[in-house]
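In case you want the letters, here they are:
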Amino acid sequence: MKQNQSMRKRAAFFRYTLAYLACLLCALALTAHIAVPSEKTVYGEQEVSSVLKTADTDTPSGTHTYTAKLFGAIPVKNVTVEVVPEVKLVPCGDVFGVKFFTKGVIVIGDTDIETDKGFVNPARVSGIRKNDVIVNVNGTEINTVEALAEAVEASKGKPLEVTYTRAGLTHTCKVTPVLSLSDKRYKTGIWVRDSTAGIGTMTYYNPENGCFAGLGHGICDIDTGELMPLLRATVVKVGITDIVKGKTGAPGELKGVFDTEKRGTLVGNTPFGVYGVLDEAPEGIGKALSVASREEVHDGEALIFANPDGKGVREFSVRLSKVDHRSNGTKSFVVEITDPDLIALTGGIVQGMSGSPVVQDGKLCGAVTHVLVGEPTKGYGIFLENMLAGMPELTR
């Protein structure tokens, strides 16, 4: 009897142990599935095996699919790996100005129009909303505020066929302008914008093709917060005239005047930065550096390159923390300014410093993107890997 009870206890113990191990293995597999990226870019001679724990160590350039395995045996997920030749880029850090013109006009708000029949809003009635981008009226392309106003006035109150985009989709509607009692002009009841201008910092320059990237985030409309569609944009030099120091709750900014001479052209405005081509190499640039993969970026000391006072690009010490290797956005890690000279000059990270390149362990690893309003000495940074992934084809 006692022997049978002992055997049953052992059998139960093994069953529970196996069940526990099975649950533990499933949890590990699920954790690995979440932790391992679905896509990965590998630069130069970096081993694919160091990223995915695969058997291959000599992989040709191109796109490949690998199966990531737990303990080298249990399949976790398929990962698409793009192996690209090693790229070396020159960290910049100089400020530049952008004169930006949109493709279409952005609706930034609406207002009722007083007519002889009361207050009305034709655009709102037709379904047009804030953030929409009007691209065509009666078959004519619209890229300026003046072009839209001329089309509306020429209608003399007859319906217009308006084409606009919203969230990447194209829509068409009929809008009937009304005669305003205040100025006797035909109106649709919307406010629109077709251009903007601003200051940012250049992240890198590619001496092989003359292309550059900057900001580490896109140029967005100040009222809607939406990414502005690019029609054309000119890059110019900027003379810094003043620095508004950052304070808790009040971000600082660089102020400057635009040079009249064209420096280059933008060809892309993406969530990961702006991209373009320069007419000539930036002045006083240093040597090209290898690009760090996201796995190589770590908590610890680093440098940023910046020119906050217009007296030339300098290196400033920073500390990186909260590095999120899974980040595919613009807030991949926290940047804390530790350099006393920069803190004395700007108070920390200020508007206009977005795009300042981050160098760690001798490699170009990212760029400053945002400032923390409550802590002006801290902000966010983007992996350079993310900026390269967001590059328009023309700048590759």
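Please refer to the structure placed before this passage.
Residues numbered from 1 in each chain as written. Predicted model: local features only at pLDDT ≥ 70, side-chain atom pairs only at ≥ 80, totals over all residues. Heavy atoms only, no water.

1. A few points about the sheet that holds strand β25 (residues 375–383)
Hydrogen bonds between backbone atoms are what pair the strands of a sheet, whose relative direction is either parallel or antiparallel.
Next, step 1: Here we have 6 strands rolled up into a closed barrel, ordered β20-β21-β22-β25-β24-β23, and antiparallel in their pairing. Recorded for the sheet is a direction-independent mean angle of 45° between the axes of neighbouring strands.
Next, step 2: As paired elements, strand β22 (residues 333–337) and β25 share 4 bridges and run antiparallel to each other. Paired with E336 across the strands is K378, a residue of β25. (Pairing = 2+ DSSP bridges. Helix = DSSP H or I, 4+ residues; strand = E, 2+ residues; numbered from the N terminus. Axes fitted to C-alpha atoms, helices over the stretch in contact; angles between N-to-C directions.)

2. Quick notes on the nonpolar core
When a protein is soluble and globular, its nonpolar side chains tend to lie buried together.
Next, step 1: Ranked by size, the top nonpolar core spans 25 residues in total, and within it L254, V297, I304, V318, L320, F333 and V358 carry the most contacts.
Next, step 2: Among the elements of the structure, β16 (230–244), β20 (300–306), β21 (314–321), β22 and β24 (363–372) are those that each provide at least two residues to this core.
Next, step 3: Non-local contacts of I304, meaning those with residues more than four positions away in its chain, are made with R314, E315, F316, V318, I337, L342, M353, P357, V358 and V368.
Next, step 4: Of all hydrophobic cores here, the second largest spans 19 residues; its members include I108, M202, M228 and L278. (Core = buried A, V, L, I, M, F, W, Y, C linked by side-chain atoms within 4.5 Å. Buried < 20%, exposed > 50% of the residue type's maximum accessible area, 1.4 Å probe, protein only. Contact = heavy atoms within 4.5 Å.)

3. Digging into the pattern of salt bridges
Next, step 1: Enumeration over the complete set of coordinates arrives at 17 salt bridges.
Next, step 2: The salt bridge partner of R294 is E385, with a shortest N-O separation of 2.8 Å. Taken together, the residues span a long stretch of sequence, with R294 in the loop between β19 (289–290) and β20 and E385 in helix α6 (residues 384–389) at a distance of 91 residues.
Next, step 3: Here the salt bridges do not stand alone but share partners, grouping D110, D112 and R124 into one network. (Salt bridge = Lys/Arg side-chain N within 4 Å of Asp/Glu carboxyl O.)

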